[in-house]
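# Coordinates in review
So you can see what is in the structure, the chains are spelled out below.
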Amino acid sequence: MTVAQDERKVNDDSERLVEELEDENDIAFVHKKRRRMLPIYACSIVSLSALLILIAVGIAYGVLSWAIPVNQEQLIWDWDNINVKDRYFPEDFLWGTATSAHQVEGYNDNNQWHAFEQGLLWKPESGLPIGDGTVSGKACDHWNLYKKDIQLMKKDLGTNTYRFSIEWSKIEYRKGQYNMSVVQHYHDVIDELLANNISPMVTIHHFTDPLWFVDLGAWEKSENVEHFVSFAKFAFNEYSSKVKLWCTINEPNVYSLAGYTGGGFPPRKNDIPLAMEVMKNFGDGHVAAYRALKQLPNGAESKIGIVHQLGNHDAYNKDSLMDRVITKFANDLSPGIFLSFFSTGIMKFHIPFVVNFNHENKDAINSNDFIGLNYYTRQVEQFTFDSPTLANQYRDRSRNYTDMDWEIYPEGIYRMIKLIDHYNPNIPIIITENGIADAKDRFVKMFYERYLYAVSRAIKEGYNVKGFVAWSLLDNFEWSGGFEPRFGLYHVNYETQERTLKEGSKAFIQAISEWKATHLKA
Ligand code: FCB
């Protein structure tokens, strides 16, 4: 190799080396760059995935929120532009007032409410059993004053039905033993009503149980249902030649929930499975009584039904999944549990991990000649972690509330009529209770005008509403609320037993007189 050739080779080698070095540098640079970019790529991927997950969760939440059925959409009418006098009630419409024995009669000392009031049976952990410290005592002395009270119905109000309960603990004072003078008393009441052209509507069970029945475990035990059925048969045999309207049981949902889920009713237990058991036994009790009474003389032509207090539950924020979830559970429990029982024969209630209740009684289908609707208010449900039930009942203070702090929401009775009809198409419905506690008589007039308008609107749309019974004829002993809440069309002075018509009650009387005038003309 020449020197020149040598030099060229060296040059070539060094050029290659330089190229190689440059390549390596490039690669190193690229690697370095890649290493630097890596977190940025990773971040973008994470953010993108997070975004996608968020979008997916958002969509799922939205879909789920809408998929969680709420019974019915909320309804708010523009009352300023509604003529509440634009109303119609059919000729055979029932107009009445309601009471229950323990709340008005007085001298009930053989049932669980009496014991509860005295603190004898169940001592509440704290506070008084009855909110205002009262006991039912002689109440409105309706036991003695019933004739005068029937005159109020006839002369002042012009009503044609009276819903009242017969006190099981007075009639069957011991198991299988009947007090015939008490039996006669209710004959006298019924005869007095008939003599005044007022149809008696008898409730067989309105919250009170005889003490002997309580000793047996009351409604907690399915084997006790037969005792109720046998009392129902006794009463029916006694009075059904004169009484054509029968309510088997008043508000089994209220008895069960207020007594067994921490409410203010005896036995003040807090036991959800037991509450379900009690509801089941009431449901079966109604079905068994209905079937038994229908077989007795006068059964076929009598109208026999159960009475429920049903309120709407509305989601506070209808776009919130959690508000909708708790609203759904509340609606499933009431009104759902009994309405579906009577339409399908299945009583069920599920909250994942909390309650899984299922009961079937196919005899429940078609076991009502009518459904009695007690309607008072609705609940607006708002999810919260601050309450053990995870629900707060929201109150919109721009709206009107009664002394019970219940919203005045007449649209709700219209919705409830439609809902009952949805479960049991075309079933006759009697409004067996509707009324207001309003000691200062601020809203009574407006209350009756609007509620009657709402009922009439449902009638005009073809719903089968047969009657309207106001709660209550008299101010009375409002269970755990004592004498403080005043639901009466008449104010009662408990010292003198004087009854005074409340000014606002005239709206109820006015509706009845208009109805009479309409059908007299026709
Ligand atoms: C209903 C009851 C009735 C009366 C009203 C206000 O739940 O049936 O006795 O207490 O509420």
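Below is a short write-up of the structure.

Conventions we followed
Residues numbered from 1 in each chain as written. Predicted model: local features only at pLDDT ≥ 70, side-chain atom pairs only at ≥ 80, totals over all residues. Heavy atoms only, no water. Helix = DSSP H or I, 4+ residues; strand = E, 2+ residues; numbered from the N terminus. Contact = heavy atoms within 4.5 Å. Areas by Shrake-Rupley, 256 points an atom, 1.4 Å probe, with all protein chains shown as cover. Core = buried A, V, L, I, M, F, W, Y, C linked by side-chain atoms within 4.5 Å. Buried < 20%, exposed > 50% of the residue type's maximum accessible area, 1.4 Å probe, protein only. Near = heavy atom within 4 Å. Polar contact = N/O pair within 3.5 Å; in protein donor to acceptor, adjacent residues only side chain to side chain. Nonpolar A, V, L, I, M, F, W, Y, C, P; charged D, E, K, R; others polar. Patch = residues over 30% accessible without salt bridge, like charges linked within 9 Å, V, L, I, M, F, W, Y side chains within 5 Å. Salt bridge = Lys/Arg side-chain N within 4 Å of Asp/Glu carboxyl O. Pairing = 2+ DSSP bridges. Axes fitted to C-alpha atoms, helices over the stretch in contact; angles between N-to-C directions. Phe/Tyr/Trp six-rings, centres within 6.5 Å; stacked < 30°, edge-to-face > 60°. Left-handed = near helix turned anticlockwise from the far one by under 90°.

We now examine the overall build of the protein chain. Assigned secondary structure in the protein chain consists of 14 helices and 15 strands. Here the analysis covers contacts within the protein chain between residues at least 6 apart in sequence; of these, 75% occur between residues at least 24 apart. Counting only carbon and sulfur atoms, one obtains 54% of the accessible surface of the protein chain, whose full area is about 23900 Å².

This part covers the nonpolar core. Within the largest apolar cluster, 127 residues are counted, with the highest numbers of intra-cluster contacts made by Trp95, Trp219, Tyr239, Leu373, Tyr448 and Phe468. Beyond its immediate sequence surroundings of up to four residues, Trp95 is in contact with Phe89, Thr159, Asn160, Thr161, Leu452, Phe468, Phe508, Ala511, Ile512 and Trp515. Listed in part, the 13 residues of the second largest apolar core include Ala98, Leu245, Phe370 and Val469.

Contacts to the ligand come from 13 residues, most closely from Gln103, His206, Glu251, Gln309 and Glu478. At 2.8 Å, a side-chain N or O of His206 approaches an oxygen atom of the ligand. In this structure, Gln309 approaches the ligand through a side-chain N or O atom, which is 2.8 Å from an oxygen atom. Within the complex, the protein chains bury 97% of what would otherwise be the 290 Å² of accessible surface of the ligand. Of the residues belonging to the shell around the ligand, the class tally is five nonpolar, five polar and three charged.

Bringing a nonpolar patch on the surface into the picture now. Where nonpolar side chains cluster on the molecular surface, the patch consists of Leu48, Leu51, Leu52 and Ile55 and spans about 400 Å² of accessible area. Of note, Ile55 is situated in helix H1 (residues 3-67). Exposure remark for Ile55: the relative accessible area of 45% places this residue in the partly exposed category.

All right, on to the pattern of salt bridges then. Counted by the stated rule, this structure contains 23 salt bridges. Measuring nitrogen to oxygen at the nearest pair gives 3.0 Å for the salt bridge that ties Arg163 to Glu433. Residue Arg163 is located in strand S2 (residues 161-165), and its partner Glu433 is located in strand S12 (residues 429-433); the two are separated by 270 residues in the primary sequence. Glu433 shares its class with Arg163; the two are buried.

A few words on the pairing of strand S15 (residues 498-501). Examined bridge by bridge, strand S14 (residues 490-493) and S15 share four bridges and lie antiparallel to one another. Paired with Val492 across the bridge in S15 is Arg499.

With that settled, the discussion passes to the sheet that holds strand S10 (residues 379-383). As summarised here, the arrangement of the three strands in space is S6-S10-S11, forming an open sheet in which the pairing is mixed. The sheet is open, and its two edges are formed by strand S6 (313-315) and strand S11 (391-394), each paired on a single side. Adjacent strand axes in the sheet meet at a mean angle of 45 degrees when their direction is disregarded. Looking at chain direction, S6 and S10 are connected through three bridges and run parallel. The partner of Ala315 across the bridge, within S10, is Glu381. Packing of helix H11 (residues 321-344) onto the sheet brings it into contact with S6, S10 and S11, and relative to S10 it is tilted by some 135 degrees.

For the bond from Ser334 to Pro335, the omega torsion is 15 degrees, close enough to zero to count as cis. Its place among the elements puts Pro335 in helix H11. Geometrically, the link from Trp471 to Ser472 is a cis peptide bond, its omega value of 15 degrees lying close to zero. Even without being a glycine, Asp405 presents a positive backbone phi close to 65 degrees. Turning to its location among the elements, Asp405 is positioned in the loop between S11 and helix H12 (411-423). The partly exposed category is assigned to Asp405, whose relative accessible area is 27%. In this structure, Asp441 takes a positive phi of about 55 degrees despite not being glycine. By the secondary structure assignment, Asp441 is in the loop between S12 and helix H13 (444-460).

This paragraph deals with the packing of aromatic side chains. One pass over the full model with this rule turns up 44 aromatic pairs. Aromatic pair Trp168 and Phe213: ring centres 4.8 Å apart, planes at 50 degrees, arrangement tilted. Of this pair, Trp168 sits in helix H5 (residues 168-171) while Phe213 is found in helix H7 (residues 211-215), placing the two residues 45 residues apart along the sequence. We classify Phe213 as buried; its relative accessible area is 0%. A ring pair is formed by Tyr448 and Phe508, whose centres lie 5.6 Å apart and whose planes are at 45 degrees; its orientation type is tilted.

Another aspect to go through is the sheet that holds strand S13 (residues 465-471). If you trace the eight strands once around the closed barrel, you get S1-S2-S3-S4-S5-S9-S12-S13, paired in parallel fashion. On average, each strand axis in the sheet is inclined to that of its neighbour by 25 degrees, with strand direction left out of account. Relative to strand S3 (residues 199-205), S2 runs parallel, the two being bridged by five bridges. Directly across from Ser165, in S3, lies its bridge partner Thr203. On the sheet, helix H6 (residues 180-195) packs against S2 and S3 and is oriented at approximately 170 degrees with respect to S2. Each of strand S9 (370-374), S12 and S13 touches H12; the most contacted strand, S9, lies at about 155 degrees to it.

With respect to the secondary-structure elements, Gln103 resides in helix H2 (residues 101-104). One polar contact links the side chain of Gln103 to the main-chain carbonyl oxygen of Phe477, over a distance of 3.0 Å. In this structure Gln103 touches Ala139, Cys140, His206, Trp471, Asn476, Phe477, Glu478 and Trp479, once residues within four positions along its chain are discounted.

Packing of helix H8 (residues 225-239) against helix H10 (residues 272-295) brings their axes to within 9 Å, and their N-to-C directions diverge by 35 degrees. Crossing handedness for the pair H8 and H10: right-handed. Here H8 contributes Val225, Phe228, Val229, Ala232, Lys233 and Phe236 to the contact with H10, which in turn contributes Asn281, Asp284, Gly285, Ala288, Ala289, Ala292 and Leu293.

The values are spatial; any link to function lies outside them.
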